[in-house]
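Chains, contacts and geometry: an overview
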Amino acid sequence: MTAPVRRVVVLGGGSAGFLAAITLKMRIPQLDVTVLRSKEIGIIGVGEGTTNYVPEHLHAYLGIPVGDVFADAEPLWKLGVRFLWGPRPAFHYPFTTQVDRPEQGLSQRVGYYCDDDFAFADRTAALMAAGRAFGRLDNGAPLIERNFAYHLENERFVGFLERQAARVGVTVRETTVQAVDRDDGGIAALRLAGGDVVTADLYVDCSGFRSELLGEALDEPFDSFDSTLFCDRAIVGGWARGDEPILPYTTAETMNAGWCWQIEHEHRINRGYVYASAFVSDDEAEREFRARCPKVANTRVVRFVSGSRRRAWVKNVVGIGNAAGFVEPLEATALFVICAASQALTASLIDSAGSPDAVLATQFNAYCTRLWNAIRNFLAVHYRFNTRLDSAFWRACRADVDLAGAAPIVEYYRAHGPTSLWADTLIDPLDPFRLDGYFTLLIGQQVPYRHRWTAPVAETRRWQDVKAGYADLARSGFTIAEALTLVRSPQGQWSPGFFRP
Ligand SMILES: Cc1cc2nc3c(=O)[nH]c(=O)nc-3n(C[C@H](O)[C@H](O)[C@H](O)COP(=O)(O)OP(=O)(O)OC[C@H]3O[C@@H](n4cnc5c(N)ncnc54)[C@H](O)[C@@H]3O)c2cc1C
């Protein structure tokens, strides 16, 4: 890039566009940031689960008060994912460290004691098992810690982000980019409907799957993850909540040719069947979906390809969101990658005093690639070892899913079980799932390992006591509905990261 970056144009007003825009503007207030978006083209309208990185981004990195987000975007807390997956009836993947941790009175890491039921292996998993959102302190107040993620309704969340963008001085322009001028520096100008021409020092491509700048104009190659991830469509629907309890987690349920999510909103339950079109037609998928979720009203099919552009930052264009890549939503990671990339771009501009060069862009690209690969690798373990159904799709997954970068972790686990001995060599420090995530999925799916270790009787008893203690704590906890009443009470007060009644 030749000129210092003073003017940034973000193409796209979905969650990627607005998250990128507010991140840049809130951390670098002198930047002139404009969002161009077309209501006619619209936003994707899905993307409702997050990881715990997203609240951290909104509240810790950007400093947006928790109460403001609750008042406007109306998120609900998500403690993790409940998997109806593998031979167990269910298991939980919380955002805490569940199995790769020591416990007083046990000589091995907790994972070695989890052959049988491990529903209450840590406090957060226990809360999930009990359908509770938060523990209860001795004084009766909720213990709201910082290890939760959010469930967000996509359109409501984008509305909140747009209002936040206006508050911090981002310009939003309703228009359609109809043509793109290129030059040696990348993009020279955007030609808008009505004849206007817009230029910038840096273009952030958040145009969704259309990838208007990075993909279409600059022709950056797309690297597919289809040797690992066979699903390429989702049928989505939902219904108005009746008397169903609000669950503090996303449910991921095995289906004949993929899996189905259940995402909890206060007044709505949304479900989606993610499937592989090579194994099931849209009509068959719809039939299976409706049989599993009889309350679903209208449905629509969303097509996608898992993979990413080889480089996210090319010349004067940085792609963020679906324009740069997408990995299917089994771990609800897209908003996390958007936040991480927005932070990395912002840090790059700050560190280079507004004049980023190609060397810096190379590192940004390496960072994004490692995030995409980490997600692909982790999902590989979900697909390769799920023995719950004997359908053509799952047989193909068990036979053919490419473990990619997960292969050394799986090989080590199959020999030695859930030991953290080689954590530093087995796992990328940027990997958001950590060894604990892998072990949870491998233990949860009862993947066997060779070097068995048998717990002495005293330790087995101790482990039963530990789990019983977490179960008791969880049962006395707050449901989501109770927690909502509390945070909405007039005396309720948010402070960074937690809540004081
Ligand atoms: C089935 C499915 C389930 C998903 N579930 C999750 C989940 O649980 N959690 C999660 O984190 N993510 C999930 N995602 C991903 C998530 O939906 C997106 O990554 C996220 O919403 C970001 O979308 P986006 O902003 O990149 O794209 P979009 O929402 O598509 O926004 C694109 C924007 O670009 C604008 N635009 C495009 N072209 C032009 C043009 N020529 N001129 C002007 N404007 C233009 C559009 O108007 C729009 O404003 C899911 C995705 C799919 C497909």
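About the criteria used
Residues numbered from 1 in each chain as written. Predicted model: local features only at pLDDT ≥ 70, side-chain atom pairs only at ≥ 80, totals over all residues. Heavy atoms only, no water. Pairing = 2+ DSSP bridges. Helix = DSSP H or I, 4+ residues; strand = E, 2+ residues; numbered from the N terminus. Domains from an automatic or database assignment. Contact = heavy atoms within 4.5 Å. Buried area = accessible area lost by both parts, 1.4 Å probe. Salt bridge = Lys/Arg side-chain N within 4 Å of Asp/Glu carboxyl O. Polar contact = N/O pair within 3.5 Å; in protein donor to acceptor, adjacent residues only side chain to side chain. Nonpolar A, V, L, I, M, F, W, Y, C, P; charged D, E, K, R; others polar. Core = buried A, V, L, I, M, F, W, Y, C linked by side-chain atoms within 4.5 Å. Buried < 20%, exposed > 50% of the residue type's maximum accessible area, 1.4 Å probe, protein only. Near = heavy atom within 4 Å. Areas by Shrake-Rupley, 256 points an atom, 1.4 Å probe, with all protein chains shown as cover. Axes fitted to C-alpha atoms, helices over the stretch in contact; angles between N-to-C directions. Arc of directions from axis to C-beta. Parallel < 35°, antiparallel > 145°, perpendicular 65-115°, else oblique. Left-handed = near helix turned anticlockwise from the far one by under 90°. Phe/Tyr/Trp six-rings, centres within 6.5 Å; stacked < 30°, edge-to-face > 60°. Lys NZ or Arg CZ within 6 Å of the ring centre and 35° of its normal. 1 Å grid on protein atoms, 1.4 Å probe; cavity = no way out; pocket = protein on both sides within 12 Å on 5 of 7 lines; lining within 4 Å. Points joined across faces, edges and corners; volume = space filled by probe spheres on them.

This part covers the sheet that holds strand 23 (residues 325–326). Strands sit in the order 14-20-23 across an open sheet of three strands; the sheet is antiparallel. Edge positions in the sheet fall to strand 14 (222–224) and strand 23, since each of these pairs with one other strand and no more. Direction of pairing for strand 14 relative to strand 20 (residues 307–309): antiparallel, over a ladder of three bridges. Across the sheet, F222 pairs through a bridge with R309, a residue of strand 20.

Split by domain assignment, the protein chain resolves into domain 1 (7–45 + 151–224 + 306–374) and domain 2 (233–303). Opposite the nine residues of domain 1 that make contact, domain 2 presents 13 residues. Here domain 1 and domain 2 share an interface that buries about 790 Å² over both sides, 61% of which is from carbon and sulfur atoms. Taken as a group, H151, E153 and L330 account for 59% of the area that domain 1 buries against domain 2, more than any other trio of residues on that side. Put simply, domain 1 and domain 2 have zero salt bridges between them. The interface formed by domain 1 and domain 2 holds five residue pairs in polar contact (both at pLDDT 80 or more) in total. Broken down by class, the residue content of the side of domain 1 that touches domain 2 amounts to five nonpolar, two polar and two charged.

With that settled, consider the nonpolar core. As a rule of thumb, soluble globular proteins bury nonpolar side chains together. Counting 165 residues, the largest nonpolar core has W77, V204, I320, L345 and Y383 as its most contacted members. The residues that make up this core include at least three from each of domain 1 (7–45 + 151–224 + 306–374) and domain 2 (233–303). The contacts of V204, once residues within four sequence positions are left out, are V8, V9, V10, L11, A20, L24, V318, I320 and L345.

On to the pairing of strand 10 (residues 177–183), then. Bridge count for strand 10 against strand 11 (residues 186–192) is six bridges, and the pairing is antiparallel. Residue pairing across strands places D181 opposite A189, the latter belonging to strand 11.

Under the counting rule described, the total for this entry stands at 25 salt bridges. A salt bridge links D196 to R173; the shortest N-O distance between them is 2.4 Å. Of this pair, D196 sits in the loop between strand 11 and strand 12 (197–198) while R173 sits in strand 9 (residues 171–174), and the two are 23 residues apart along the sequence. The exposure class assigned to R173 is partly exposed, which follows from its relative accessible area of 31%.

The environment of the ligand is made up of 36 residues, and the closest members are S38, V46, G49, N322 and L335. Take V46: an N or O atom from its main chain is 2.5 Å from an oxygen atom of the ligand. Contacts to the ligand include E212, whose side-chain N or O atom sits 3.0 Å from a nitrogen atom. Starting from 1,000 Å² of accessible surface for the ligand in isolation, the protein chains cover 97%.

With that settled, the discussion passes to the pairing of strand 5 (residues 91–94). Because side chains alternate across strand 5, one face comprises the buried residues F91 and Y93, and the other comprises H92 and P94, equally buried. Judged from the four bridges that link them, strand 4 (residues 80–84) and strand 5 form a sheet pairing that is antiparallel. Across the sheet, V81 pairs through a bridge with Y93, a residue of strand 5. Counted between consecutive antiparallel strands, the loop separating strand 4 from strand 5 contains six residues, among which G86 sits at a positive phi close to 70 degrees.

This brings us to the sheet that holds strand 13 (residues 202–205). With respect to topology, six strands assemble into an open sheet ordered 9-2-1-13-22-21, the strand pairing being mixed. Strands with a single pairing partner mark the edges of an open sheet, and in this sheet they are strand 9 and strand 21 (313–314). Of the strand pairs in this sheet, strand 2 (residues 32–37) and strand 9 are connected by four bridges, and their pairing is parallel. Across the sheet, residue R37 finds its bridge partner in strand 9, namely E174. The strands that helix 8 (residues 334–351) touches are strand 13, strand 21 and strand 22 (317–319); relative to strand 13, the one it contacts most, it runs at about 170 degrees.

Along helix 15 (residues 480–488), the positions that sit buried rather than exposed are I480, A483, L484 and V487. All buried residues of helix 15 project into a common sector of 105 degrees when viewed along the axis, lining one side.

Looking now at the packing of helix 1 (residues 15–27) against helix 5 (residues 154–168). Direction vectors running N to C along helix 1 and helix 5 enclose 25 degrees, while the axes themselves pass 9 Å from each other. If you check the angle between helix 1 and helix 5, you find them roughly parallel. You can see that helix 1 and helix 5 cross each other, and the crossing is left-handed. Across the interface between the two elements, S15, F18, L19, I22, K25 and M26 from helix 1 touch N154, F157, V158, L161, E162, Q164, A165 and V168 from helix 5.

Before going further, it helps to examine the packing of aromatic side chains. Applying the stated criterion across every chain yields a total of 30 aromatic pairs. Measuring from centroid to centroid gives 5.5 Å for F83 and W85, while their planes differ by 70 degrees, and the two rings are edge-to-face. Here F83 falls in the buried class, since its relative accessible area comes to 0%. Members of the aromatic cluster, connected to one another through ring pairs, are F83, W85, F91, F118, F279, Y383, F393 and W394. Here the basic side chain of R27 rests over the ring of Y61, its NZ or CZ set 4.0 Å away from the ring centre. The aromatic ring of Y449 is capped on one face by R452, whose charged end is 4.1 Å from the ring centroid.

This part covers empty space enclosed by the protein. Rolled over the atoms, a probe with the dimensions of a water molecule shows which regions are left empty. One pass over the structure, following the stated rule, counts four cavities of 30 Å³ or more. Empty space within the largest cavity amounts to approximately 90 Å³. In this structure, the largest cavity is lined by L79, R123, T124, L127, A133, F134, G135, L143, E145 and N147. Counting residues per element, the lining of the largest cavity draws most heavily on helix 4 (residues 123–129), which supplies three residues. Counted by class, the lining of the largest cavity contains five nonpolar, three polar and two charged residues.

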